[in-house]
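# Observations on the three-dimensional arrangement
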Amino acid sequence: MPYAHYQPVFPINGIILVGVCAAGKSTISRLLTSYGMVARSVAQEHSQVPTLFSRQGDHPVVLLSASFSSVRQRRRLAWTFHHYEEQWKRLQLARQKANLIIRTDALDPQSVAQAIVEWFDQWTGLSTFFKQQHITDSAQQTMIRYQVTWGIVLPNLMISPDSGPRRYPFNRNRLTIQQRTS
C-alpha cells in the first residue's frame with residue numbers, strides 16, 4: 001500500500017467539491033457528513049475568478065464531472081451546450097488541481113460518496129490505520145474520520161523505518177474514477 005509510507009499534512013479541515021451544475025456537489029457534500037467528513041461545495045463553475053475554489057486554503061479538491069445530457073436530465077435546465085462549455089472553462093484550473101475526479105453520470109450519489117470516502121481513507125492513511133488497529137465498526141471509523149479532518153486526532157501509523165514520514169502536495173495522489181461497479 002503506497003499510502004502507508006507517509007503521513008499527509010493535518011488538519012485538512014475538509015475537502016472542496018467542484019464541478020458543473022447538477023454534477024452532485026451539494027448532494028455528495030451532505031452524504032459525506034454521514035461518514036464524518038467535511039466537504040465544502042464551491043460554485044467555481046459560476047465564477048469568473050479561476051482560483052475561487054482555492055481561497056479557503058490548501059484543501060484536497062474533488063471534481064465531480066457529468067455529461068451535458070446528464071446535467072440536462074437531472075435539472076431539466078434550458079441550457080445550450082454553450083452554457084455547459086462555459087462552466088467547464090471556468091473549472092479548468094480546478095480540474096488541473098483536482099486530487100480526485102469522479103464522473104457521476106452512471107453512479108448513484110451513495111456510490112460517489114463511498115468512492116470519495118475510500119480515497120480519503122487511503123490518502124490520509126486511515127485505511128491502513130483501521131487495519132492496524134482492527135477498527136471495523138463504521139461508527140468508530142466515522143468518528144475517527146471527523147477527528148482527523150479537524151486535526152483533533154492524528155493516526156499513529158506504523159510506517160516502515162527506512163522511509164520515514166514524508167509530505168507530498170495534494171496533487172501527487174490524483175485519481176480518476178470513471179465508473180464503479182458493486
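Below: a short report on this structure. (Residues numbered from 1 in each chain as written. Predicted model: local features only at pLDDT ≥ 70, side-chain atom pairs only at ≥ 80, totals over all residues. Heavy atoms only, no water.)

## Concerning the nonpolar core
Membership of the largest hydrophobic core comes to 45 residues, with the highest contact counts inside it found for I15, L32 and I116. Residues contacting I116, with those up to four places away along its chain left out, are I15, L17, I28, L32, M37, V62, L64, L100 and I102. (Core = buried A, V, L, I, M, F, W, Y, C linked by side-chain atoms within 4.5 Å. Buried < 20%, exposed > 50% of the residue type's maximum accessible area, 1.4 Å probe, protein only. Contact = heavy atoms within 4.5 Å.)

## Structural notes on the pattern of salt bridges
Under the criterion given, the structure shown has 3 salt bridges. A salt bridge links K89 to E86; the shortest N-O distance between them is 3.7 Å. Taken together, the residues span about one helical turn, with K89 and E86 both in helix α3 (residues 81–90) at a distance of 3 residues. For R103, the salt bridge identified is with D105, shortest N-O distance 2.6 Å. According to the relative accessible area criterion, R103 is partly exposed, its value standing at 32%. (Salt bridge = Lys/Arg side-chain N within 4 Å of Asp/Glu carboxyl O. Helix = DSSP H or I, 4+ residues; strand = E, 2+ residues; numbered from the N terminus.)

## So, helix α7 (residues 138–149)
Given a rise of 1.5 Å per residue, 12 residues ought to cover 16 Å, and the 16 Å separating the end C-alpha atoms of α7 matches this to within 8%. Buried residues of α7: Q141, T142, I144, R145, Q147, V148 and T149, and no others. Looking at the buried side of α7, the elements it contacts are α5 (109–124) and α6 (126–132). One or two residues past the end of α7 sits G151, with phi positive at roughly 75°. (Expected span 1.5 Å × (residues − 1).)

## Some words on the layout of surface pockets
For the largest pocket, the calculated volume is near 270 Å³. Forming the walls of the largest pocket are 18 residues, and the residues nearest its centre are A22, A23, G24, K25 and T27. Among the secondary structure elements, those contributing two or more residues to the lining of the largest pocket are α1 (25–33), α2 (68–75) and α5. With 4 residues, α1 is the largest single contributor of residues to the lining of the largest pocket. Here the lining of the largest pocket is composed, by residue class, of 7 nonpolar, 6 polar and 5 charged. (1 Å grid on protein atoms, 1.4 Å probe; cavity = no way out; pocket = protein on both sides within 12 Å on 5 of 7 lines; lining within 4 Å. Points joined across faces, edges and corners; volume = space filled by probe spheres on them. Nonpolar A, V, L, I, M, F, W, Y, C, P; charged D, E, K, R; others polar.)

## Side note on the side chain of T124
Inspection of the secondary structure puts T124 in helix α5. From its side chain, T124 meets the backbone oxygen of F120 in a polar contact 2.8 Å long. (Polar contact = N/O pair within 3.5 Å; in protein donor to acceptor, adjacent residues only side chain to side chain.)

## Some details on α3
Inspection of α3 places Y84, Q87 and W88 among the buried residues, and these make up the whole buried set. Viewed end-on, α3 has its buried residues packed into an arc of 100°, placing them on one side of the element. Against the buried residues of α3 lie β3 (61–65), α2 and α4 (92–97). (Arc of directions from axis to C-beta.)

## Some points on the packing of aromatic side chains
Inspection of every chain in the model, using the stated rule, returns 6 aromatic pairs. Geometrically, the ring pair formed by W119 and W123 is stacked, given 5.8 Å between the ring centres and 20° between the ring planes. Separated by 4 residues within a single helix, W119 and W123 lie in helix α5, roughly one turn from each other. Like W123, W119 is buried. Cluster of aromatic residues (ring-pair linked, three or more members): F68, F81, Y84 and W88. (Phe/Tyr/Trp six-rings, centres within 6.5 Å; stacked < 30°, edge-to-face > 60°.)

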